[in-house]
Amino acid sequence: MPLDRFHKILVLPAVLVFAPLVIGPLILLFQESLRPYEGGSIGGTLNAYLTLSNYTEFWHPTYAKYFLDTFRVSLIVTLLALVLGYLLAHYVVRVAKPRIAKLVLAGLLGVLFISLIVRIYAITLTFGPIGPLRDISWLVGIDPRTRRHTELMVVFGLLHTVLPLVTLTMIGTIQMVNPRLEEAAMSLGAPGWRAFFSVTLPLSIPGIVSAGIIGYAFSISNLVVPLLMGRGFVTFISNLIYFRFSEVANFPSGAALSVIMLLIALGIFFAGTRIVSAIWPPAERSGR
Amino acid sequence: MKRIEDYIGTAIYTTVLLFAGLFLVMPMIVAVVLSFDARSFLGAFPPTEFSLRWYREFLSDDYLHRGLYTSLIVSTIATLVSTVLGTFAAIAIDRGRFKGRATLEAMFLSPLIIPTVVTGFAVLIFTASLGIMDGLTRLILGHILITFPYILRTVLAVLSGVPKRYTEAALSLGAKPWLATIEVTLPLARSGIIAGAIFAFVMSFDEVAVSLFLSDPFTYTLPVALLTQMRASLNLTIAAISVIFLVVSVLLILALDKLAGVETLTGRGVYGR
Amino acid sequence: MDANRLLEIQDASKSFGSTKVLDEVSFSVAQGEIIALLGPSGCGKTTTLRAIAGFEPLDYGRVVIAGQDMTLRRPYERPIGLVFQDYALFPHMTVGQNVGFGMRHRGIPRREIPERTASVLARVQLDGLAHRKPSELSGGQQQRVALARAMATEPEVMLLDEPLSNLDASLRLQLRIELRQVLTAAGSTAIIVTHDQEEAMGLADRIVLMKAGRIVQIDAPADLYARPRSRFAAEFIGEATWFEGILRPKSSGMALETGAGLIPIEGRSDLSPGAAFGFCIRPERISVLLAEDAPLFEGADTRLAGEVTYVERLGGDVRIWVRMVDGASAQVSAKNTSVILPEPGAKVWLAFRAADGVLLPPVDTKERVR
């Protein structure tokens, strides 16, 4: 087909530029992770024998804490983001008048457009020692002077990153659910909230889970929030990678950790989407 | 009785909604207010006296200026490259029928699911081994990786709204494929492409992790500069910058809305809203 | 409670911005009656239905069901059963669960539900399908589930929004017949919204014809067809041939002096000469004469000259378009295909009995009908 050749040529420049940029670094990353490291030098020793020691190093109980912290805190953040985000998304799609919906959407985008650094800074100001909302930690039973407070700050920071993204994703989900279904439920005698719980919510679950997977993957990979707000109490895997780059030039170890994190992130994405498709076949999802 | 259930449900719904909204918005409000604080130390909120001193501080801060300058250059170049390459790639993927389309698309979109820390670190190792020591080049390469998937995703979405019929009509009237693309497909997708470019630019400008790995003491982006300053001390110059970010963000959203409508970035469901 | 007024709408009005979507809509429905809300798109029929259901708040007016004012009540507080255009069956529930949903929420005891589900499914000929999911059913079956679900709670009023428009044309006729049978067998009081006039004629005991938010006429289908009260009604229901003219006195009575010729008007002493009127007659009441002196059929008293412009042979039906002397166009339909048909360009004479037609105001008034 004549058009096929045209399209192949069209995509060629992108492939020539992009493919090396994606594949090259990943291959080299993997390669570096297999190199041994000698203290004091920058990067791994070249032309040395390959080793898996950089990976096995992390099979140590000391590191278990960092991994667990990363997964645990991210889980809390993701769950919070799903609840808040779903209601926000539902509001935008179903309840808000078009002008207000647009405003809220613009607001969500606006938050996304402001650099995370700036947002972290603003959160630190707001919930920190001089901020107007510094007493909010008492609401959840946490003493501001304890380590748990730092964790709470990290949760807030991560929530601010993840919430807009998750909300935008779930807006798409709710749009796929037939609004007439809730009306049908109400015409059959179910009051508003029951109609919501019997109909709209069950049908949104696949989308909620997908959004949760995305949110969780993002949260786990985050560097800046634990870096700026963790104060050393809360350390994520990304922090470990960064320290291996900035403080000690132990690139092989950092590379190994990066590969591990990459596999975790990819695993979450692919396993997650497979599971969602398996449990909820697409045919049953919409309201037709 | 059911009516009461409804009222309670609505009350809970509204409360949680307000909480979510406030949570997202409150920090920005605090930052805006504090940016006008006249005090030279971080005092309790709210400030009693107001001044523009922190904005003046920002204007005279060379360190931050360098960062801003670098950010603008890096993000602009990266976005331009990605827009050109990405738009053509999107057209090829959306309308072409060659083998390996899906794989290419997956590859192009891969940076979205690769943690940014990993991207940053990997590109660093890559450029170092290739002997590319120039900070600017490294940053641009890293940011091309970042912006490309956003452009591709947006343009693919826009193209699905441009019926192939128009291109087919052009071809049936005798236009060569590349002319048909330039004269028909591109203009029809134009506003979406620009919107995607704006979105990608912002994502690149705001990016921290990748820039962190690829910057050096002479070449660094604004977020990296801010990060360094924040780790050193928390002062209110950053609050002034927050406000600037906010204003620019609002302006960009207005521009985006004018171009393609804010709703297009989330799509419309099958049922209209 | 008056059984003749099981459902009453009084002066329902609603505006969206500056557009009046409903303009003092008023009518009542008797128990066991099937009403069709008929009209072109945008006439307000769906809005009226949704206002009765409680999904569309009214700016002004009342909805009364079984003697109780429902105007301020939420949908789940009204004794209604609603069938949606796209059925809105819950895709994650089985047919049985769909049908049982209303019963559960309207307080019917749990142990009774399976039996009642089975019985209502039997009524729509869907016995034994309770365990299937809606996605496994055909369009026609889904429609019946939607009907069963709405009927299961035995509501006072059934509300159906274009229940047949989602079906293939071939299914529509058959399901229309079944729909009416199911509704009348159950003695249901129903309001059906449709834009298809044939559907309204077939399903309804009375038709409420609407246009631009107002009710134009309320009548039984046959009466609406034979005696439309406006040009809009005449042309919306069935086909109509339309003449316009001034009423003049004649030696024996009056005649309508139109550009195409004279139409004798008898027995209308209530009308004064000199006024302008429209005259509407159905195409099947007109016969076509091929010669000026051809004999009129028995009872015919009008003969108007014209020229054939187009002939359409539609299988068992023939349509002939004739341009009259003054340029107006008349439509004639004939079932008798054994007659020699004229060709376009031929001069013909239209013959009919004036009493088969209807005198109407020349321009539709803005009058509201209740």
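Okay, so let's go over this structure. Please read these numbers as outputs of a predicted model, since none were measured by experiment. Numbers given for residues are sequential positions, taken from 1 along each chain in its written order. Following the order in which they are written, the chains are lettered starting with A and the ligands numbered starting with 1. Only residues with pLDDT of at least 70 are given local features in this predicted model, and only at 80 or more are side-chain atom pairs given and counted; all residues enter the totals for whole chains, interfaces and linings. Here the side-chain values reflect all heavy atoms present in the structure, with hydrogen atoms and water set aside.

What follows is about the interface of chain C and chain A. If you look at the interface, chain C gives 22 residues, while chain A gives 22 residues. Computed with a 1.4 Å rolling probe, the buried area is the accessible surface lost when two parts are put together, summed over both parts. Carbon and sulfur atoms make up 65% of the area that chain C and chain A hide from each other, which totals about 1900 Å². What counts as a salt bridge is simple: a side-chain nitrogen of Lys or Arg found within 4 Å of a carboxyl oxygen of Asp or Glu. At the junction of chain C and chain A, the tally comes to one salt bridge. Between Glu183 of chain A and Arg50 of chain C there is a salt bridge whose closest N-O contact spans 2.8 Å. The term polar contact refers here to a pair of N or O atoms within 3.5 Å; inside protein, the definition further demands a hydrogen-donor-capable atom paired with an acceptor-capable atom, and it admits residues adjacent in sequence only when both atoms are side-chain atoms. Summed over the shared surface of chain C and chain A, the result is six residue pairs in polar contact (both at pLDDT 80 or more). Runs of E in the DSSP output that reach at least two residues are strands. Runs of H or I that reach at least four are helices, and both are numbered from the N terminus. Elements supplying a minimum of two residues to the side of chain C that touches chain A: strand 6 (80–83), helix 2 (95–105) and helix 4 (139–151) of chain C. Residue type decides the class: Asp, Glu, Lys and Arg count as charged, Ala, Val, Leu, Ile, Met, Phe, Trp, Tyr, Cys and Pro as nonpolar, and the leftover types, Gly among them, as polar. Residue classes in the side of chain C that touches chain A are distributed as 13 nonpolar, four polar and five charged. Contacts are residue-level and defined by heavy atoms, with any inter-residue pair within 4.5 Å sufficient.

The next point concerns empty space enclosed by the protein. With a 1 Å grid laid over protein atoms only, a set of points is called a cavity when a 1.4 Å probe fits there but cannot get out and a pocket when it is open yet has protein on both sides within 12 Å along at least five of seven lines; lining residues have an atom within 4 Å of a point. Grid points are joined across faces, edges and corners, and a volume is the space filled by probe spheres set on the points. In this structure the tally under the stated criterion is three cavities of 30 Å³ or more. Put simply, the largest cavity is a space of about 70 Å³. Surrounding the largest cavity, Leu21, Val22, Pro25 and Leu26 of chain A together with Pro111, Ile114, Val118, Thr119, Ala122 and Leu145 of chain B form its lining. The set of elements that each furnish at least two residues to the lining of the largest cavity consists of helix 1 (2–33) of chain A together with helix 5 (116–129) of chain B. Considering each element in turn, the lining of the largest cavity owes the most residues, four residues, to helix 1 of chain A.

If you check the backbone angles, Arg231 of chain A has positive phi at about 55° while not being a glycine. For Arg231 of chain A, the location among the structural elements is in the loop between helix 10 (224–229) and helix 11 (237–246). Think of it in three bands: residues with accessible area under 20% of the maximum for their type are buried, residues over 50% are exposed, and the middle band is partly exposed, with areas taken using a 1.4 Å probe on protein chains only. Arg231 of chain A gets classed as exposed once you look at its relative accessible area, which sits at 63%. Of note in the backbone geometry, Ala88 of chain C takes a positive phi value of approximately 50° without being a glycine. Residue position: Ala88 of chain C is located in the loop between strand 6 and helix 2. You can call Ala88 of chain C buried: its relative accessible area is 0%.

Residue and element names in this part refer to chain C. We call two strands paired when DSSP finds no fewer than two bridges between them. With antiparallel pairing, the five strands of this open sheet are ordered in space as 15-19-16-17-18. The open sheet has two edge strands with one neighbour each: strand 15 (287–289) and strand 18 (329–334). Each strand axis lies, on average, 45° off the axis of its neighbour in the sheet, ignoring direction. Every axis corresponds to a line fitted to the C-alpha atoms, with the helix fit spanning only the stretch in contact, and the corresponding angles, defined between N-to-C directions, vary from 0 to 180 degrees.

The next point concerns the layout of surface pockets. Approximately 1700 Å³ is the volume attributed to the second largest pocket. Every residue lining the second largest pocket is counted, 46 residues in all, and those nearest its centre are His90, Arg94, Val95, Glu182 and Met186 of chain A. Secondary structure elements with two or more residues in the lining of the second largest pocket: helix 3 (61–95), helix 7 (147–175), helix 8 (179–187) and helix 9 (192–221) of chain A, helix 1 (2–35) of chain B together with strand 1 (7–16) and helix 1 (45–53) of chain C. Taken together, the residues of the lining of the second largest pocket sort by class into 26 nonpolar, eight polar and twelve charged.

Here, nonpolar core means buried Ala, Val, Leu, Ile, Met, Phe, Trp, Tyr and Cys residues that are tied together by side-chain atoms lying within 4.5 Å of each other. Counting residues in hydrophobic clusters, the biggest one holds 168 residues, and the most contacted among them are Phe113 of chain A together with Phe108, Phe121 and Leu226 of chain B. Counting 47 residues, the second-largest nonpolar core is a separate cluster that includes Ala53, Phe55, Leu58 and Ile218 of chain C.

This next bit is on the interface of chain A and chain B. Between chain A and chain B, the residue contacts involve 99 residues of the former and 91 residues of the latter. Considering only the surface of chain A that becomes buried against chain B, Phe18, Phe113 and Tyr121 of chain A emerge as the three largest contributors, covering 10% of it. At the junction of chain A and chain B, the tally comes to two salt bridges. Where Lys102 of chain A meets Asp257 of chain B, a salt bridge forms, and the shortest distance between an N and an O atom there is 3.1 Å. Across the chain A-chain B interface, the total number found is eleven residue pairs in polar contact (both at pLDDT 80 or more).

All names here are of chain B. Among the structural elements, Thr219 can be located in the loop between helix 9 (209–214) and helix 10 (222–232). Among the residues examined, Thr219 registers a relative accessible area of 14% and is labelled buried. What Thr219 contacts, discounting residues up to four positions off in sequence, is Thr70, Gly135, Leu136 and Leu139.

All names here are of chain A. As a packed pair, helix 4 (residues 98–113) and helix 7 sit with axes 9 Å apart at the nearest point and diverge in direction by 140°. Taken together, the axis directions place helix 4 and helix 7 in an arrangement best described as oblique. The handedness of the crossing between helix 4 and helix 7 comes out as left-handed. Across the interface between the two elements, Leu105, Leu108, Val111 and Leu112 from helix 4 touch His160, Pro164, Thr167, Leu168 and Ile171 from helix 7. An angle below 35 degrees is treated as roughly parallel, one above 145 as roughly antiparallel, one from 65 to 115 as roughly perpendicular, and anything else as oblique. By convention the crossing between two helices is left-handed if the near helix lies anticlockwise of the far one by an angle smaller than a right angle, and right-handed if it lies clockwise.

What follows covers the sheet that holds strand 9 (residues 206–211) of chain C. What holds strands together in a sheet is hydrogen bonding between their backbones, with the strands either parallel or antiparallel. Residue and element names in this part refer to chain C. Reading across from one edge, 6-7-8-3-9-10 is the order of the six strands in this open sheet, with mixed pairing throughout. The sheet terminates laterally at strand 6 and strand 10 (214–219), the two strands that pair on one side only. Here the strands of the sheet are splayed against their neighbours by 20° on average, with no regard to which way each runs. In this structure, strand 3 (residues 34–38) lies alongside strand 9, joined through four bridges in parallel fashion. Across the sheet, the residue bridging to Ala36 is Ile207, located in strand 9. Most of the contacts of helix 5 (residues 169–185) go to strand 3, to which it runs at about 135°, and overall it touches strand 3, strand 7 (157–161) and strand 8 (189–194).

Let us look at the packing of aromatic side chains. Note on aromatic pairs: the rings of Phe, Tyr and Trp (six-membered ring only in Trp) are paired at centre separations within 6.5 Å, and the planes decide the class, stacked below 30 degrees, edge-to-face beyond 60, tilted for the rest. Going through the model one piece at a time under the given rule, you end up with 31 aromatic pairs over all chains. Summarising the aromatic geometry, the rings of Tyr86 of chain A and Phe196 of chain A are spaced 6.0 Å apart at their centres and angled 45° between planes, so their arrangement reads as tilted. Of this pair, Tyr86 of chain A sits in helix 3 while Phe196 of chain A is found in helix 9, placing the two residues 110 residues apart along the sequence. Under the relative-accessibility criterion, Phe196 of chain A is labelled buried at 12%. Relative to Phe101 of chain C, the ring of Phe90 of chain C has its centre 4.9 Å away and its plane inclined at 55°; by these criteria the two rings are tilted. Residue Phe90 of chain C is found in the loop between strand 6 and helix 2, and its partner Phe101 of chain C is found in helix 2; the two are separated by eleven residues along the sequence. Under the relative-accessibility criterion, Phe101 of chain C is labelled buried at 0%. Put simply, the rings of Tyr242, Phe243, Phe245 and Phe251 of chain A together with Phe121 and Phe213 of chain B touch in pairs and so form one group of aromatic residues. Two conditions define a charge located above a ring, namely a distance within 6 Å from the ring centre to NZ of Lys or CZ of Arg, and an angle within 35 degrees of the ring normal. The residue whose ring lies beneath Arg282 of chain C is Tyr225 of chain C, and the NZ or CZ to ring-centre distance is 4.1 Å.

So, on to the pattern of salt bridges. Residue and element names in this part refer to chain A. Enumeration according to the criterion identifies 32 salt bridges over all chains in this entry. Two residues, Glu182 and Arg94, come together in a salt bridge whose shortest N-O distance is 3.8 Å. Within this pair, whereas Glu182 is found in helix 8, its partner Arg94 is found in helix 3, the two being separated by 88 residues in sequence. Connected via shared salt-bridge partners are Lys65, Asp69, Arg72 and Glu151.

Attention now goes to the environment of Val288 of chain C. Residues and elements named next belong to chain C. With respect to the helices, strands and loops of the structure, Val288 is situated in strand 15. The sequence separation of Val288 and Ser333 amounts to 45 residues, and the corresponding C-alpha distance is 9.3 Å. In contact with Val288, other than residues within four places in its own chain, are Ile320, Val332, Pro342, Val348, Trp349 and Leu350.

So yeah, pure geometry; function would need other evidence.
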